[in-house]
Amino acid sequence: MTARTPNRHVNLTVIPGGRSTASRSAAAVLPRPRRPVFGSEALACEMGRIYALTLLRDIPFAKLSDPRHAIRIDAATCFTLHDLQTELRQLPWSSRHASLPSGASPLADILSLCVPGDADHCASSPVPRSGQPLFPATAVSASDPVLSAFFRAGPPRAAGPAGPGLSVPGVADPGADQPMSHWVRWIEAACGARLAWPRRADAARQVLRTPRDLATQVHCRHPCQPYMSAALLLLAKGMPLGADLPEIRNGVQWNAPRVLTMLVSGARQAAQHSRRGDRGPRVARPGVVAARWSLIRSGEDQRAGPEAALEQAALNRVMSDAPRLADWMAAMNRATGTGCNDRPSPDGENSDGWTPFSMQQNLMLPPLASPTGWLCPSVGAGQAVLAGTLVTLLKALFDAPVTGWSDPAPADLYRELDKLALNVTLARSIAGGFYTLENRQSLRFGQSLALILLRDVLEEDGQPGRIDLCDFDNRQVTLLARRSAPGSVRVSLRIDGAYAPWPDSGERSAPYLTAVV
């Protein structure tokens, strides 16, 4: 005889972990990047690049490809662009990395940030170590200027708010179902971006002729203005969107308002990261390092510790490898009066050029003047992350060659958008506020923000599709959305054809788990 034993039913509840973070933003999910760590050689190269950009502030962009163009600081100091490049060539550029040509000129290559490298190593110099002129006669390229085609077609406008927020007080944000006429008015009120009407002058537009103009306008205008202007320009020219973009729902395709909605969302994600900041100790700003170098050269620096030793070693490297670069900076400071003050003389008049101590060699960075006073270099904080985010979104959503510009030869869309990001980040270095390594790292972080935002949007739409783009390291990036269940998709990331982890899965405080209780 058998007895019936009742089964004990256990109800299991699955608490999924992993990417169940729909309510969190990409900036909150993505680990904060670590600040770059500088050695003495890397700091010497970075400061040499900053000094070169300072000496080139007032050189027209059209002259940057001429090696024989003379830069005259005063009656006794004159040198050519070839001389400047020769001095830069002597700095200890690392040979571990190869450089990507920017296409403008060898000098533009060495001053640009389009060179790969680790955060703690300076990038290699693309300049050959021969004694021959570094600009051949055929290197002058009028068809590939330093400025992006978007800056040439739509220069910055002295309009709109100057603050970082992208909103209009008292007006709700337009949605993807709003007409373009409403979007155009809202964008102009939010950041000052507006389409240029043919054969109609716009007095608010500021023509960019020199690096000084670029730095001043980028810092004084709304940070979103260049990218919103680029988006409006591409839409107005009828540039098609990506051919493999998935349907949104019920046969509705991607349209212009949806693209602008993505840009607004990306801008706010980048702004949220700027409020969080990076991890790790922050290296002294270029202007601070330059002022400390002046004190060291004058024997007035009384500091001790690893930071002072690092800056002393970097200065010694610059003085031994590129002494003329330091002499030219000292001559510029004498001509501009940087670091000097006015002290009343016994007769009641001002004694210009007075300093509280005898400065043997003034290596300070001359400040930039803005319409409202001296330009603060810290104003550019967060602009590189914003550039990486919005430029990546534009590259992902548009898929067409840039034709119909004023230039004689058509240019590639990715190239012109990368140059737009380069121009904005280069303006931060021209103002003396940020190093090239920081610009490069911030661009890559902004690119990661954009990829996560695109992934979340594709998964929210739940439709199969594909997005292709070329990243800042010249790699082919593919976002592939495949059906995983009825009404849902899973998006995978491929880099150069190989599957890659998502940026938010690299570093985390704890692993993703699935609990069964």
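Heads up: these notes are all about the structure in this document. (Residues numbered from 1 in each chain as written. Predicted model: local features only at pLDDT ≥ 70, side-chain atom pairs only at ≥ 80, totals over all residues. Heavy atoms only, no water.)

Under the counting rule described, the total for this entry stands at 4 aromatic pairs. The ring of W254 carries R258 above its face, with NZ or CZ at 4.4 Å from the centroid. Note that R428 overlies the ring of F434, its terminal NZ or CZ placed 3.8 Å from the centroid. (Phe/Tyr/Trp six-rings, centres within 6.5 Å; stacked < 30°, edge-to-face > 60°. Lys NZ or Arg CZ within 6 Å of the ring centre and 35° of its normal.)

Turning next to the packing of helix 14 (residues 413–430) against helix 15 (residues 436–461). Between helix 14 and helix 15, the least distance of the axes is 10 Å, while the angle of their chain directions is 145°. Of the two possible hands of crossing, helix 14 and helix 15 adopt the one that is right-handed. For the pair formed by helix 14 and helix 15, the contact residues are A421, T425, R428 and S429 on the first element and T436, E438, N439, S442 and L443 on the second. Residue composition of the contact of helix 14 with helix 15, by class: 2 nonpolar, 5 polar and 2 charged. (Axes fitted to C-alpha atoms, helices over the stretch in contact; angles between N-to-C directions. Helix = DSSP H or I, 4+ residues; strand = E, 2+ residues; numbered from the N terminus. Left-handed = near helix turned anticlockwise from the far one by under 90°. Contact = heavy atoms within 4.5 Å. Nonpolar A, V, L, I, M, F, W, Y, C, P; charged D, E, K, R; others polar.)

This part takes up the sheet that holds strand 8 (residues 465–470). Strand order in this open sheet of 4 strands is 8-9-10-11, and the pairing throughout is antiparallel. The outermost strands of the open sheet, each flanked by one partner alone, are strand 8 and strand 11 (498–500). Strand-to-strand twist across the sheet, computed as the mean angle between neighbouring axes with direction ignored, equals 35°. Note that strand 9 (residues 476–485) and strand 10 (residues 488–495) share 8 bridges and pair antiparallel. (Pairing = 2+ DSSP bridges.)

Quick look at the side chain of S298 now. When you line up the elements, S298 lands in the loop between helix 10 (286–297) and helix 11 (306–321). With a relative accessible area of 15%, S298 lands in the buried category. Side-chain polar atoms of S298 contact the backbone oxygen of S294, separated by 2.9 Å. (Buried < 20%, exposed > 50% of the residue type's maximum accessible area, 1.4 Å probe, protein only. Polar contact = N/O pair within 3.5 Å; in protein donor to acceptor, adjacent residues only side chain to side chain.)

Looking at soluble globular proteins, one finds that nonpolar side chains tend to be buried together. Within the largest apolar cluster, 124 residues are counted, with the highest numbers of intra-cluster contacts made by W293 and L479. Not counting the four nearest positions on each side in its chain, W293 is found in contact with M47, Y51, E311, A314, L315, V318 and L363. (Core = buried A, V, L, I, M, F, W, Y, C linked by side-chain atoms within 4.5 Å.)

Relative to strand 9, strand 8 runs antiparallel, the two being bridged by 6 bridges. Bridge pairing in strand 9 links I467 to L479. Remark: 5 residues form the turn of the hairpin made by strand 8 and strand 9, two consecutive strands paired antiparallel; N474 in that turn has positive phi of roughly 65°.

This brings us to empty space enclosed by the protein. What the rule picks out here adds up to 3 cavities of 30 Å³ or more. As a volume, the largest cavity reaches approximately 100 Å³. What lines the largest cavity is a set of 13 residues, and nearest its centre among them are F150, A153, G154, S229 and L233. Going through the elements one at a time, helix 5 (149–153) and helix 8 (225–236) are the ones with two or more residues in the lining of the largest cavity. With 4 residues, helix 8 is the largest single contributor of residues to the lining of the largest cavity. Tallied by class, residues from the lining of the largest cavity come to 9 nonpolar, 2 polar and 2 charged. (1 Å grid on protein atoms, 1.4 Å probe; cavity = no way out; pocket = protein on both sides within 12 Å on 5 of 7 lines; lining within 4 Å. Points joined across faces, edges and corners; volume = space filled by probe spheres on them.)

This paragraph deals with the state of the cysteines. Taken as a whole and assessed by the stated rule, the structure comprises 0 disulfides. As a non-bridged cysteine, C224 has C191 as the owner of its nearest cysteine sulfur, 6.3 Å distant. When its relative accessible area of 2% is taken as the criterion, C224 is described as buried. (Disulfide = S-S within 2.5 Å.)

Under the criterion given, the structure shown has 20 salt bridges. For R285, the salt bridge goes to E438, with nearest N and O atoms at 2.6 Å. With a gap of 153 residues between them, R285 in the loop between helix 9 (256–276) and helix 10 and E438 in helix 15 connect regions that are remote in the sequence. A salt bridge links D471 to R475; the nearest nitrogen and oxygen atoms lie 2.8 Å apart. Given the relative accessible area of 2%, D471 is considered buried. (Salt bridge = Lys/Arg side-chain N within 4 Å of Asp/Glu carboxyl O.)

Looking now at the environment of D83. As for its placement among the helices and strands, D83 is situated in helix 3 (residues 81–89). Note: C-alpha distance between D83 and P67 (16 residues apart in sequence) is 8.4 Å.

Moving on: unusual backbone geometry. Most peptide bonds take the trans form, and the phi angle of most residues other than glycine is negative. Its identity is not glycine, yet N474 carries a phi of approximately 65°, on the positive side. With respect to the helices and strands, the residue N474 is situated in the loop between strand 8 and strand 9. Even without a glycine there, the phi angle at D496 is positive, about 55°. Residue position: D496 is located in the loop between strand 10 and strand 11.

What follows concerns the packing of helix 13 (residues 383–397) against helix 14. It is at 9 Å that the axes of helix 13 and helix 14 come closest, and there the two elements cross at 175°. Taken together, the axis directions place helix 13 and helix 14 in an arrangement best described as roughly antiparallel. Note on element contacts: helix 14 touches helix 13 through Y414, L417, D418, A421, V424, T425 and R428, opposite Q383, A384, A387, V391, L394 and K395. Across the contact of helix 13 with helix 14, the residue classes tally to 8 nonpolar, 2 polar and 3 charged. (Parallel < 35°, antiparallel > 145°, perpendicular 65-115°, else oblique.)

Turning next to the pairing of strand 10. Within a regular beta strand, the side chains point alternately toward one face of the sheet and then the other, so they alternate between its two faces. Turn length for the strand 9-strand 10 hairpin, with the two strands adjacent in sequence and antiparallel, is 2 residues, and the turn residue G487 shows positive phi of about 85°. The pairing of strand 10 with strand 11 spans 3 bridges and is antiparallel. Looking at strand 11, one finds that L493 is bridged to A500. The turn joining strand 10 and strand 11, which pair antiparallel and follow one another in sequence, is formed by 2 residues; a positive phi near 55° is taken by D496.

Let us look at the environment of A309. Looking at where A309 falls in the secondary structure, it is placed in helix 11. On the basis of relative accessible area, A309 is assigned to the partly exposed category, the value being 46%. Through-space distance from the C-alpha of A309 to that of S40 is 8.9 Å; in sequence the pair is 269 residues apart.

Geometric values such as these leave the question of function open.
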